[in-house]
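# Coordinates in review
Listed below, chain by chain, are the residues.
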Amino acid sequence: MASDERHDLAARAWTEELLRRLQAFCAGQETHESLQAWARAAACGPAPTHRIACEIYLDLWNAASRLPPGDSSCPHILRPVDVVAYARQLQRGTVTTRLRELAVVKASLPAFAAQLGLESERHVLDGLGWFESLQFASPGSGRVFVLSRPLQRAAADPTILEAAVAAGPEVDARDLLRDLFETLGIDLADVLQLPDGFDPESLPKYTLWRQDDNGNRFAVATFTGLRKAETALQRFLVLKHKQLYWLEDAPA
């Protein structure tokens, strides 16, 4: 497995841990001092391309600071309301560019909302009626995605997924899909429709292998999402069978 893919997973895990720390602070389970200590001891750090995570990381580096400095009787500069805003930014992101339709996914919007621990929002689109949407951000890049579905025909109409992309040269659909797959833990098997002209064969593939007691190797399944492949591998490993299981990059 390529080192940049491993680094991507590590950066995503770091951002998810950052979010858990912020939520624990809001619940009274972390302090200013513990947030600062964690930030300064963090081994990985955010992905350089994840602007929001990088800014929050710098804020937490001095989370225990007070105003005026050095006076322990004064309140901390970092307020609980700031931490709530940080957590929301990490989870939702901020749409500052246009949205581009990326895919139609099989799972329902409520299922993704439950998975991500977020609440959807409802609004009326002129001439189309009530719609439900769910905005969330990639922990790897900070890129914003939006799921939407019509409420009146929610059972019949699919869930559409859009991505916020910058103006100018078109963003590589392969990069967008890989980011989406790793954020939601899905792959091509969970998608009903892809962007026009996109070649699904261009996505990287990961094969889950099994070796039996006699040394025979068998391909169990092939995935186009690394996180989904890792999750499948862990399901077999926790069974603690004598047989061996591992992942390999599948040939292009």
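In what follows, the accompanying structure is described. Remember, predicted model here, so these are calculated numbers, not experimental data. (Residues numbered from 1 in each chain as written. Predicted model: local features only at pLDDT ≥ 70, side-chain atom pairs only at ≥ 80, totals over all residues. Heavy atoms only, no water.)

### Digging into the side chain of R143
One can find R143 in the loop between β3 (129-137) and β4 (144-150). Of the polar contacts made by the side chain of R143, one reaches the side chain of D179; its length is 2.7 Å. (Helix = DSSP H or I, 4+ residues; strand = E, 2+ residues; numbered from the N terminus. Polar contact = N/O pair within 3.5 Å; in protein donor to acceptor, adjacent residues only side chain to side chain.)

### Notes on the sheet that holds β3
Sheet strands line up and pair through hydrogen bonds in the backbone, either parallel or antiparallel. Across the sheet, six strands lie side by side as β2-β3-β4-β5-β1-β6; this open sheet has antiparallel pairing. The strands lining the two open edges of the sheet, one partner per strand, are β2 (121-125) and β6 (191-193). For this sheet, the mean inter-axis angle between neighbouring strands, taken without regard to orientation, is 40°. Pairing geometry for β2 and β3, over five bridges, is antiparallel. (Pairing = 2+ DSSP bridges. Axes fitted to C-alpha atoms, helices over the stretch in contact; angles between N-to-C directions.)

### Considerations on the packing of helix α2 (residues 32-41) against helix α3 (residues 51-61)
At a closest axis distance of 8 Å, the pairing of α2 and α3 adopts a crossing angle of 120°. One element, α2, and the other, α3, form an angle in the oblique class. The chirality of how α2 crosses α3 is left-handed. Residues L35, Q36, W38, A39 and R40 of α2 form the contact with α3, whose participating residues are Y57, L60 and W61. (Parallel < 35°, antiparallel > 145°, perpendicular 65-115°, else oblique. Left-handed = near helix turned anticlockwise from the far one by under 90°. Contact = heavy atoms within 4.5 Å.)

### Brief notes about the sheet that holds strand β8 (residues 217-223)
Pairing is antiparallel in the open sheet, where three strands are placed in the order β8-β7-β9. Edge positions in the open sheet fall to β8 and β9 (244-249), since each of these has one partner strand only. Ignoring strand direction, the axes of neighbouring strands in this sheet form an average angle of 25°. As judged from the six bridges shared by strand β7 (residues 206-211) and β8, these two strands associate in the antiparallel manner. Across the sheet, Y206 pairs through a bridge with F223, a residue of β8. Where helix α7 (residues 226-237) meets the sheet, it contacts β7, β8 and β9, and its direction lies at approximately 170° from that of β9.

### Topic: the pattern of salt bridges
Applying the stated rule across the entire model yields 17 salt bridges. Where D179 meets R143, a salt bridge forms, and the shortest distance between an N and an O atom there is 2.7 Å. With D179 in helix α6 (residues 173-184) and R143 in the loop between β3 and β4, this residue pair connects regions lying 36 residues apart in the sequence. Judged by its relative accessible area of 18%, R143 is buried. For D190, the salt bridge identified is with K228, shortest N-O distance 2.9 Å. (Salt bridge = Lys/Arg side-chain N within 4 Å of Asp/Glu carboxyl O. Buried < 20%, exposed > 50% of the residue type's maximum accessible area, 1.4 Å probe, protein only.)

### Examining the nonpolar core
Across soluble globular proteins, nonpolar side chains have a tendency to be buried as a group. Judged by nonpolar contacts, the single largest core of 24 residues is most densely connected at L102, F136, L147, L161 and L180. At the level of elements, β1 (98-105), α5 (109-116), β3, β4, β5 (159-165) and α6 are the ones that each hand at least two residues to this core. The element that contributes the greatest number of residues to this core is α6, accounting for six residues. Listed in part, the 19 residues of the second largest apolar core include W14, L18, A63 and Y86. (Core = buried A, V, L, I, M, F, W, Y, C linked by side-chain atoms within 4.5 Å.)

### Describing the packing of α3 against helix α4 (residues 80-92)
For any two helices packed against each other, the geometry comes down to the angle between their axes and how far apart the axes lie. As a packed pair, α3 and α4 sit with axes 10 Å apart at the nearest point and diverge in direction by 155°. Taken together, the axes of α3 and α4 lie roughly antiparallel to each other. As α3 packs across α4, the resulting crossing turns out to be left-handed. On α4, the residues touching I52, A53, I56 and D59 of α3 are Y86, Q89 and L90. Broken down by class, the residue content of the contact of α3 with α4 amounts to five nonpolar, one polar and one charged. (Nonpolar A, V, L, I, M, F, W, Y, C, P; charged D, E, K, R; others polar.)

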